[in-house]
Amino acid sequence: MIVSVDGAEIFYTTRGTGVPCIVPSLVGTKSMELLTPSPLADHFQFSYADLRGAGRSTGDPTHLTYDVLARDLDAVRAGLGVDRVAVLGYSIAGALAVEYGRRCPGSVSHVILAGTPPSGDMGRLAAASTRFFEEDGSEERKQILRENMSRLPPGTPPQQAVLAQTPMRFFDPRADVARLYGDAEVNPRLFEHVLGTLVAGWDIMSDPGSLRVPTFIAHGRYDYVVPHAMWDGIVEQLPKTTFRLFERSGHQPFFEEPQRFADVVGEWMNTRK
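Residues numbered from 1 in each chain as written. Predicted model: local features only at pLDDT ≥ 70, side-chain atom pairs only at ≥ 80, totals over all residues. Heavy atoms only, no water.

The next point concerns the packing of helix 3 (residues 66–80) against helix 4 (residues 93–103). In the contact formed by helix 3 and helix 4, the axes pass within 9 Å of each other and the chain directions differ by 80 degrees. By the angle between their directions, the pair helix 3 and helix 4 is classed as roughly perpendicular. Residues Tyr66, Asp67, Leu69, Ala70, Leu73, Asp74 and Arg77 of helix 3 lie in contact with helix 4, whose contacting residues are Leu96, Glu99, Tyr100 and Arg103. Here the residues of the contact of helix 3 with helix 4 sort into six nonpolar, no polar and five charged. (Axes fitted to C-alpha atoms, helices over the stretch in contact; angles between N-to-C directions. Helix = DSSP H or I, 4+ residues; strand = E, 2+ residues; numbered from the N terminus. Parallel < 35°, antiparallel > 145°, perpendicular 65-115°, else oblique. Contact = heavy atoms within 4.5 Å. Nonpolar A, V, L, I, M, F, W, Y, C, P; charged D, E, K, R; others polar.)

In structure tokens form, the structure reads like this:
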């Protein structure tokens, strides 16, 4: 399905039968669909929306601002024919989910973050990731990571090195997750704009009083890409915010513990209206 906004066509697909929930994607809708297995689709009606310049959406990705993003996602909501939606932001896309909720509290019922850092400072994130993995990662994980990285040919782009980082991204350090990334559609210009410009100065604490939508932060205990410890001392300062740690997950708790994720988030949504 497609909605037109300010000269761009925003593509989205819909699956599931539960609570309407928009999932903004930087890597195409197919990849995100694979990351949300059936237990989740029984609890949510997911609408996977490609950002401008991502997947099958058109438009110049460098024109993407938080205001533009909010208009795009709200057009998807209107296209679904519903008054309000939840929004699920995975990893750095969680910043986009927060900003949609911040700008459209009348349209967004709940903001759900999974594996999202509290700020867009990539240098700070990389340092926290390295430190946490060194201090907390098992020797088995470290050895598997070294072996995986040693097999990468010189000049391998970062997006192609994701599989080698499985020990940092998944509860099972030897998980076979190649199928999850096979359909990813990566637009380097979009990633460069989002990471280098849009979220570079983003910090969830910059204006906590404007966060009026109930927010759920899900994190995996074995997420070494975005360590859960980065949220220490922050959650308590945010209004209407709940944090849950998933003990058998890495960077994507909704995929690794789908039934528990659906149950916990569903219960939270019922009590935060």
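Next up on the list: the layout of surface pockets. One number sums up the size of the largest pocket: a volume of about 1,200 Å³. Ser91, Val162, Gln165, Arg169 and Phe191 are the residues nearest the centre of the largest pocket, which is lined by 40 residues in total. For the lining of the largest pocket, the secondary-structure elements that each account for two or more residues are strand 3 (19–25), helix 1 (29–34), helix 5 (122–136), helix 6 (139–150), helix 7 (166–169), helix 8 (178–181) and helix 9 (188–198). For the lining of the largest pocket, the element with the highest residue contribution is helix 5, accounting for five residues. (1 Å grid on protein atoms, 1.4 Å probe; cavity = no way out; pocket = protein on both sides within 12 Å on 5 of 7 lines; lining within 4 Å. Points joined across faces, edges and corners; volume = space filled by probe spheres on them.)

The end-to-end C-alpha distance of helix 3 is 21 Å, a good match for the 21 Å that 15 residues give at a rise of 1.5 Å each. Of all the residues in helix 3, the buried ones are Tyr66, Val68, Leu69, Ala70, Asp72, Leu73, Asp74, Ala75, Val76 and Arg77. With its phi angle positive at about 75 degrees, Gly81 sits one or two positions after the end of helix 3. (Expected span 1.5 Å × (residues − 1). Buried < 20%, exposed > 50% of the residue type's maximum accessible area, 1.4 Å probe, protein only.)

Here we take up the pairing of strand 1 (residues 2–5). Of the two faces of strand 1, the one holding Val3 and Val5 is buried and the one holding Ile2 and Ser4 is not buried anywhere. Relative to strand 2 (residues 8–16), strand 1 is paired through four bridges, and the arrangement is antiparallel. The residue of strand 2 that forms the bridge with Ser4 is Glu9. Between the end of strand 1 and the start of strand 2, which pair antiparallel, lie two residues, with Asp6 showing a positive phi angle near 50 degrees. (Pairing = 2+ DSSP bridges.)

Further remarks concern unusual backbone geometry. Phi at Asp6 takes a positive value of approximately 50 degrees, unusual for a residue other than glycine. In this structure, Asp6 sits in the loop between strand 1 and strand 2. Of the residues examined, Asp6 reaches a relative accessible area of 56% and is grouped as exposed. Here the phi dihedral of Lys240 falls at roughly 55 degrees; this positive angle occurs in a residue that is not glycine. With respect to the element layout, Lys240 can be found in the loop between strand 7 (215–220) and strand 8 (241–246).

What follows deals with the sheet that holds strand 4 (residues 44–50). The sheet built from eight strands is open, its strands ordered 1-2-4-3-5-6-7-8 with mixed pairing. Of all strands in the sheet, those bounded by a partner on one side alone are strand 1 and strand 8. Sheet twist, expressed as the mean angle between neighbouring strand axes with direction ignored, is 25 degrees. Pairing of strand 5 (residues 85–90) with strand 6 (residues 108–114), which is carried by six bridges, proceeds in the parallel orientation.

Our next topic: the nonpolar core. Judged by nonpolar contacts, the single largest core of 44 residues is most densely connected at Leu96, Tyr100, Val111, Val199 and Ile204. Listing elements by their share of this core, those giving two or more residues are strand 1, strand 2, helix 3, strand 5, helix 4, strand 6 and helix 9. Of the residues forming this core, the biggest block, seven residues, is contributed by helix 3. Beyond its immediate chain neighbours, meaning those up to four positions away, Val111 contacts Val87, Ala97, Val98, Gly101, Val213, Pro214, Thr215, Phe216 and Trp268. Within the second largest apolar cluster, 27 residues are counted, among which are Val23, Ala114, Val177 and Phe255. (Core = buried A, V, L, I, M, F, W, Y, C linked by side-chain atoms within 4.5 Å.)

Everything listed here is a matter of coordinates, which is why it stays silent on function.
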